[in-house]
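# Structural overview
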Amino acid sequence: MIKLSPSVLAADFACLKDEIEKISGADYVHIDVMDGHFVPNITFGPDIVKCIRKLTNLVLDVHLMIENPEKYVDVFLASGADIITVHYECNMDYEYIKNKVKAAGKKLGLSIKPKTSADAVKDFLPDLDMVLVMSVEPGFGGQKFMSESLEKIKKIRQMDKNIDIEVDGGIGEGNIKAVADAGANVIVAGSSVFKAENVRQAVENLKKF
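Worth saying up front: this structure is predicted, and the values here are computed from it rather than measured.

Our focus in this paragraph is the overall build of the chain. Check the secondary structure of the chain and you find 8 helices and 8 strands. Rg of the C-alpha trace for the chain: 16 Å, near the compact-globule value of 17 Å for 209 residues, within the 12% margin. Reported as C-alpha extents along the three principal axes, the dimensions of the chain are approximately 40 × 35 × 30 Å. Out of the 209 residues in the chain, the part that is buried amounts to 53%. If you take every contact in the chain between residues at least 6 apart in sequence, the share linking residues at least 24 apart comes to 62%.

Following this line, the structure appears as structure tokens:
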């Protein structure tokens, strides 16, 4: 059964409390942290994570699309993150991050961009709780799903039958089944949830797959 992680990147931040309430039927809240260096966009800091933590008991799924995430892992953990995902491609002190996340009793994820091979995660799998496969180029919401990511998902699932595989980018009712059939069990959905006419219904519909 899939877990749904609506991405607040697509939410209306003028009404954040209401937006979070509308996704109460989901499993996670996906929070994309971008620094303007690793990706060409700037989004949220730890104070936003802290605010969202106050609004919901859902798992806070914090995706750090930033350089040198070891400088910020402590503050994001302190802000209420339940899952910390960092990028394979960034400059980082992986051991420091791993130890901090594990010591806090939280989950560790590793993300790969569309052009990064599935084999990149192989040696990290024993440490990880989750692999995040980007099915769009990270940096902006609302992009079209890259179908070639399906083979990457299948390959990672063959490497590890039990790990959570999360997929982020361009997923909606039209392709969520294909993504789940490939082996993903955590689905990030931004525009297909928050831009829907009925957000609660969109969550319910996506959870059926």
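Our next topic: the state of the cysteines. Evaluated as defined, the whole model comprises 0 disulfides. The structure places no disulfide on Cys51, whose sulfur is separated from the nearest cysteine sulfur, that of Cys15, by 15 Å.

Tallied over the entire structure, the rule returns 13 salt bridges. A salt bridge links Lys100 to Asp74; the shortest N-O distance between them is 3.2 Å. Linking Lys100 in helix α4 (residues 94-103) with Asp74 in helix α3 (residues 73-79), this pair joins segments that are 26 residues apart in sequence. Residues joined by salt bridges that share partners form a network here, namely Arg53, Asp82 and Lys106.

Here we take up the packing of aromatic side chains. Under the counting rule described, the total for this entry stands at 3 aromatic pairs. Aromatic side chains Phe13 and Phe44 sit 5.1 Å apart centroid to centroid with 25 degrees between the ring planes, which places their arrangement in the stacked category. Here the residue Phe13 occupies a position in the loop between β1 (3-6) and α1 (16-22), and Phe44 occupies one in the loop between β2 (28-34) and α2 (46-55), the gap between them amounting to 31 residues. The exposure class assigned to Phe44 is buried, which follows from its relative accessible area of 13%.

Let's shift gears to the sheet that holds strand β4 (residues 83-87). The sheet built from 8 strands is open, its strands ordered β1-β8-β7-β6-β5-β4-β3-β2 with parallel pairing. Each edge of the open sheet carries a strand with a single partner, namely β1 and β2. Within this sheet the neighbouring strands show an average axis-to-axis angle of 25 degrees, counted without direction. Where strand β3 (residues 59-65) meets β4, 4 bridges bridge the pair, whose relative direction is parallel. Its bridge partner lying in β4, His63 is registered against Thr85.

Turning next to the pairing of β3. Of all 7 residues in β3, 6 are buried, a share of seventy percent or more. Pairing geometry for β2 and β3, over 7 bridges, is parallel. Within β3, the position partnered with Val33 by the bridge is Leu64. Note that the unit made of β2, α2 and β3 has a crossover that is right-handed. The parallel pair β3 and β4 is bridged by α3, and the resulting crossover is right-handed.

The two faces of strand β8 (residues 186-189) match: Val186 and Val188 on one face and Ile187 and Ala189 on the other face are all buried. As paired strands, β1 and β8 are joined by 4 bridges and run parallel to one another. Bridge pairing in β8 links Ser5 to Val188. Pairing between strand β7 (residues 164-168) and β8: 3 bridges, direction parallel. Opposite Asp168, over in β8, you have Val188 as the bridge partner.

Calculation rules
Residues numbered from 1 in each chain as written. Predicted model: local features only at pLDDT ≥ 70, side-chain atom pairs only at ≥ 80, totals over all residues. Heavy atoms only, no water. Helix = DSSP H or I, 4+ residues; strand = E, 2+ residues; numbered from the N terminus. Rg over C-alpha atoms; globule rule 2.2 N^0.38 Å. Buried < 20%, exposed > 50% of the residue type's maximum accessible area, 1.4 Å probe, protein only. Contact = heavy atoms within 4.5 Å. Disulfide = S-S within 2.5 Å. Salt bridge = Lys/Arg side-chain N within 4 Å of Asp/Glu carboxyl O. Phe/Tyr/Trp six-rings, centres within 6.5 Å; stacked < 30°, edge-to-face > 60°. Pairing = 2+ DSSP bridges. Axes fitted to C-alpha atoms, helices over the stretch in contact; angles between N-to-C directions. Right-handed = clockwise from strand over helix to strand, strands pointing away.

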